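# Coordinates in review
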Amino acid sequence: MAYKDMTVLVVDDFLTMRRIVRKILRDLEFQNIIEAEDGTAAVDVLKSTKIDLIVSDWNMPKMTGLDLLKHVRSQDDIKDMPFLMITAEAQKENIIEAVKAKVSNYIVKPFTAATLEEKLAKIVPK
């Protein structure tokens, strides 16, 4: 599936960060981008919309990115969905926890457009 045909869910409690990620995704030819301000809102989107890829922040109120990841992996219909975690935490134990929860890939903030593109290419064939 080409990037332009995929629907991406960008989850972050900071509007600025969502805008940055959205711009990079647009530059990579993603056209269908939906935003959610936290994991709880993301779960609502997942119930009503077919999503092909999630790009989520780790630290958010209400429901963290890790909890969202665990939720996605527990749902039979979406458990294999590519999930890219963005985190400000470069601590090894956090990364290990995300890997145990079957994160597809992760990025540590701050990151460049090239880094996001590289990480996406590893989990979503172009």
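Scroll up for the structure.
Residues numbered from 1 in each chain as written. Predicted model: local features only at pLDDT ≥ 70, side-chain atom pairs only at ≥ 80, totals over all residues. Heavy atoms only, no water.

### Overview of unusual backbone geometry
Here the amide bond leading from Lys-109 into Pro-110 is cis, since omega sits at -10 degrees, within 30 degrees of zero. A positive phi angle is found at Lys-102, which is not glycine, with a value near 70 degrees. As for its position among the elements, Lys-102 is in the loop between helix H4 (92-100) and strand S5 (105-108). With relative accessibility at 58%, the residue Lys-102 sits in the exposed group. (Helix = DSSP H or I, 4+ residues; strand = E, 2+ residues; numbered from the N terminus. Buried < 20%, exposed > 50% of the residue type's maximum accessible area, 1.4 Å probe, protein only.)

### What about the sheet that holds strand S2 (residues 32-36)?
With respect to topology, 5 strands assemble into an open sheet ordered S2-S1-S3-S4-S5, the strand pairing being parallel. Whereas interior strands pair on both sides, the edge strands pair on one side only; in this sheet they are S2 and S5. Recorded for the sheet is a direction-independent mean angle of 20 degrees between the axes of neighbouring strands. Lying over the sheet, helix H3 (residues 65-74) contacts strand S1 (7-11), strand S3 (53-57) and strand S4 (83-87), oriented at roughly 170 degrees with respect to S4. (Pairing = 2+ DSSP bridges. Axes fitted to C-alpha atoms, helices over the stretch in contact; angles between N-to-C directions. Contact = heavy atoms within 4.5 Å.)

### Quick notes on helix H1 (residues 15-27)
Under the 1.5 Å per step criterion, the end-to-end length of H1 is 18 Å for 13 residues, consistent within 8% with the ideal 18 Å. Residues of H1 that are buried include every one of Met-17, Arg-18, Val-21, Ile-24 and Leu-25, and no others. Looking straight down H1, one finds that the buried residues subtend no more than 130 degrees of arc, so they occupy a single side. Across from the buried face of H1, at angles greater than 90 degrees, the exposed residues are Thr-16, Arg-19, Lys-23 and Asp-27. Packing partners of the buried residues in H1 comprise S1, S2, S3, S4 and helix H5 (113-123). Two residues or fewer past H1, Glu-29 is found with a positive phi of approximately 85 degrees. (Expected span 1.5 Å × (residues − 1). Arc of directions from axis to C-beta.)

### Overview of the nonpolar core
The biggest cluster of nonpolar side chains holds 24 residues, and the ones touching the most others in it are Leu-9, Val-11, Leu-46, Ile-54, Leu-68, Val-72 and Phe-83. Only S1, helix H2 (39-48), H3 and S4 provide two or more residues apiece to this core. Residue contributions to this core peak at 5 residues, all from H2. The contacts of Leu-9, once residues within four sequence positions are left out, are Ile-34, Glu-35, Ala-36, Ala-42, Val-45, Leu-46, Ile-51, Leu-53, Ile-54 and Val-55. Among the nonpolar cores identified, the runner-up in size contains 21 residues, and Val-8, Val-10, Ile-86 and Leu-120 belong to it. (Core = buried A, V, L, I, M, F, W, Y, C linked by side-chain atoms within 4.5 Å.)

### Topic: the pattern of salt bridges
Under the defined criterion, the tally for this structure stands at 8 salt bridges. Notably, a salt bridge pairs Glu-35 with Arg-22, separated by 2.6 Å at the nearest N-O pair. Linking Glu-35 in strand S2 with Arg-22 in helix H1, this pair joins segments that are 13 residues apart in sequence. According to the relative accessible area criterion, Glu-35 is partly exposed, its value standing at 26%. For Arg-22, a relative accessible area of 24% gives the class partly exposed. The shortest N-O distance in the salt bridge between Asp-38 and Lys-62 comes to 3.9 Å. Of the two residues, Asp-38 is situated in the loop between S2 and H2 and Lys-62 in the loop between S3 and H3; the sequence distance between them amounts to 24 residues. The class of Lys-62 is exposed, set by a relative accessible area of 73%. Residues joined by salt bridges that share partners form a network here, namely Arg-18, Arg-22 and Glu-35. (Salt bridge = Lys/Arg side-chain N within 4 Å of Asp/Glu carboxyl O.)

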